[in-house]
Amino acid sequence: MSLFDLSWRNMKRNFRLYAIYFISMLVGVIIYFTFSGLMFNEDVVTAIQNKENYKTIIFIASMIVFAFIVFFILYANSFFMKQRKKEFGMYILYGMKERQVAAMVFYETLFLSAISVTSGIFIGGLLSKFFGKILMNLMHYKEDISFAFPLEAVVSTILLFALLICIITVQSYLNVRRMQIVELFHAKEKMDKPLKFSMPLAILSILFIVASYYTITMGGSSNIWKDYFKETLLATTVALIVGTYLFFRQFSGWILQKMSQSQNYLHGNKMLWISSLRFSIRGNTVNFTFNSLISAVIIFGVGFIAVDYAVKADVVRKEYPNDIIFSSQDNRTQKQIEQIMNESHPIIAHKTITGIQTEKIANRKSFLDYPNYYTEEFYIFPEEQLNAIVDLRGVGEKVDVQGDEAIVLTRGLDTPITYQSPLPEMTVLKDHTFHVVERIRFPLLSIPTDASGGSEHQPSVLVIADEAFEYLKENRTLSSYEIYKIEDPKTSNNVSRQIYDIVMQSEGSYYSAFIDMYSIDIESSSLILFSVAFFAAIALFALASVIYFKQLREATEEREHYAILRKMGVDDREMKQIIRKQLLFVFLPPLLLGLLHSWYLLYYTVILIVKDSHALTTIIFSVMGLYVLTYIIFYVSSTSIYYKIINEKNTR
C-alpha cells in the first residue's frame, strides 16, 4: 500500500477528527477570500468615494485575517498531531521512517487543503454579494452588488494557502522528529494533579481585579491618568491580567476545594464533577485566562467601533451642519441647482444669508483656539440671520447683541465662553471696533468641502447687532450664501458632485456639504466596523474551537473513567448532568469575567463620555447578547459531543 493510499484510508477512517481540521481550514479560506474579493469587486470599488483608502484598509484587514488564520490552523494542526501520537508510534514501530510519516501527513494536508480552498473560494464568492450588500448598507449606499470571483482574489488566496500548507508540513515534520516511541504510546497517560489552593492568593486575585476596575472608573480626567498615563495604563493592564489568572488558578480552585469539604459533597453526583474539575484546574488555567481576556477585548473592540459608527453622523453634523451651502449664483444657475436637488432629494427649506468680508484681522488668534484652521479675514453677519439659521436647523441657541457687542463663532467648544469686563476688542473694516462678549459653537459657514472629501480653511465669522450691520453694509461689497435643507442628505453624494462642479466654475466660490465629509468618515467607520466584526468572528470561532479541542481531548482520555462510573450504576441521565455541570464551569466563568471586564471598559470610556447613553447602552448590550448567544450554542454542542465521545467505546 502506498503512502498516498494510506493517507486516503486514514481520512475515511477518522472522519470526525479530520472534519474538525477541515472545517477550521474551510472557515479560514471563506473569510480570507471574502475580504480579498471585496478589495477587487468592481461594483464595490465603483461605489466607494475614497478608493485608495478603501483598498488600503481592506488589504491591511485581509493580512490581519490571514495572520489569525495561520495562528488558528497551526494550533488546530498541533492538536491534530497530538491526537495521533499513538498512531504515529505504531507506524514507526512497524518500520516506517520519520520522513515517510511526515510525507503521509503532507498528503493528508494537501487533500484537505485542496478541498477547503476550492470549496472556500466557491462559498466565499457566493457570499460576496451578501457581505458586499452589508458593507454598502453600512455606508448608506444603494448600489447593487453582484456575485464575483475576482481573479486577483483567487490567485492571492491560492498562493497564501499554499504557503500555509508548507508551514504546516514543516510543523508536522518537526513534531514527528521530536517524538520518542515510548512517549507516543504513553501520550495520553499523563494526569494532572490537584493543586493546593491558597486563600490569601484567592483574595489577592479579587483585590487585583477590583483595583484595576477602580482605576478605570477614575477616568481620564483624574490626575493619575493625566500625569502618569502610560504608567497607569500599564499598571491597570498588568493588574487585570494577573488578577484574572489568579482568579482561575486560585480563587476558583479554592471555591472547588471548599465545596469538596462541604457536608453534602457525597450527595448526588456533586463529588464526581467537582473532583474532575479540581484535577483539571492546572491544565485549564491558561485557557480560562486567555478566553476571558480575549472575550473582553472582542466585546470592547466591537462595542467601541459600533458606538463610533452609530454617533458618526452626529459628530460630523456638529462641524458640517449645513446639508448644502454655497455662494449665491445667478438666477438661471440657481434654478438649475434646485432642479438637480428636487429630482432626487427634494428641498425641505432654504435660506439666504448675506455678510461682509473684512480685511485680515491681526489679533484674531486671541479669539480662536486653533487659528491655523480658520481664514485670516472675518465674515460679518447680523444676529437676525444667525437666529434664522438656528430656526432652520432646529439646533443651537438664539443670540441677542446690542450696540458694539459681537460674538465670535468657533468649533470644538462644549460650552460657550463668556468674556468678563474689560471686554476684548476687535477692529474690522479699518476703523470699526467691536467688543467681543462671547464665543459660541455654531458653524454658520462650515468648513469648505469638495466631493472627494477635501477641505480648506473655515471662514472666521463675527456676529453683530442688526443695526450695526445695516450701518456697515452701506457702500460695501456683500457676500451672499444659499443654505439648503434637503431630504435624506446621507445619500446625496451624486447631487453634491453635480452642484460642486457647477458652483466652482466661478473663481473664489464657496461650497460646503454635509455629505462630502460624512461619506468619507462613514466609509472609514464602516470599513473598520466591518473588519472588526470579522476579526471578532474569527477570534470567537478560534476561542470556541480551542475549548472544543480541549474538551475533545479530555473526553477521549476520560472514556474509561466514565465506563467505570457506568459499571457502578450511573445511568445516562446522571451522566449527562455530570457533563453539563463540568462543562458549565469551563464555559461560564471565563464568559462572565470577560463580560464584566468589557462592561467596565466600555462604560467608563464610551458611555459616560458620549451623551446619548440610552442608545449606546442598547448597542453595547446587543453586542454582548450576541456573544453570549454564541457561547451558549457552543456550550450546548460541546456537551452533546462530549457525551457521544465517552460512550463510543461502550457501544462497540
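Here we summarise the structure given alongside this text. Not measured: the values here are computed from a predicted model.

Let us now look at the overall build of the chain. A tally of helices and strands in the chain yields 20 helices and 10 strands. The contacts of the chain with a sequence gap of at least 6 include a subset with a gap of at least 24, amounting to 81%. For the chain, the exposed surface amounts to about 32000 Å²; the carbon and sulfur share of it is 60%.

Take the pairing of strand β9 (residues 478–486) next. Both strand β1 (residues 324–327) and β9 contribute to a ladder of 4 bridges, which runs antiparallel. Bridged to I324 within β9 is Y484. Inspection of the sheet shows strand β2 (residues 347–360) paired to β9 by 9 bridges, in the antiparallel sense. Paired with G355 across the bridge in β9 is S479.

Every buried residue of helix α18 (residues 559–567) is accounted for by R559, Y562, A563 and L565. Buried positions in α18, seen along its axis, are confined to an arc of 160° and lie on one side of it. Directly beyond the C-terminal end of α18, a positive phi value near 110° is found at G569.

Another aspect to go through is the environment of A306. Looking at where A306 falls in the secondary structure, it is placed in helix α12 (residues 270–319). Look at A306 and you get buried, because its relative accessible area is 12%. Sequence separation between A306 and L529 is 223 residues, and the spatial gap between their C-alpha atoms is 6.4 Å. Dropping the residues within four chain positions of it, A306 is found in contact with L529 and I619.

Another point: the pairing of β2. Bridge analysis of β2 against strand β3 (residues 374–382) gives 3 bridges, and the strand direction is antiparallel. Bridging from a neighbouring strand, K360 pairs with E377 of β3.

This part takes up unusual backbone geometry. Note the cis peptide between S421 and P422, where omega equals 0°. Locating P422 in the fold gives a position in the loop between β5 (417–418) and β6 (425–428).

So, how was this worked out
Each chain carries its own residue numbering, running from 1 in the written order of its sequence. The predicted origin of the model limits local features to residues at a pLDDT of at least 70 and limits the giving and counting of side-chain atom pairs to 80 or more, whereas totals for whole chains, interfaces and linings rest on all residues. In computing side-chain properties, one takes all heavy atoms of the structure into account and sets aside hydrogens as well as water. A run of H or I in DSSP becomes a helix once it reaches four residues, and a run of E becomes a strand once it reaches two; helices and strands are each numbered from the N terminus. In what follows, a contact means two residues having at least one pair of non-hydrogen atoms within 4.5 Å. We get accessible surface area from the Shrake-Rupley algorithm with a probe of 1.4 Å; when it comes to residues, only the shown protein chains can shield them. Whether two strands pair comes down to DSSP finding at least two bridges between them. Accessibility here uses a 1.4 Å probe with only protein chains present; expressed as a share of the type maximum, an area under 20% marks a residue as buried, one over 50% as exposed, and anything in between as partly exposed. By arc we mean the arc of the directions from the helix axis to the C-beta atoms, nothing more.

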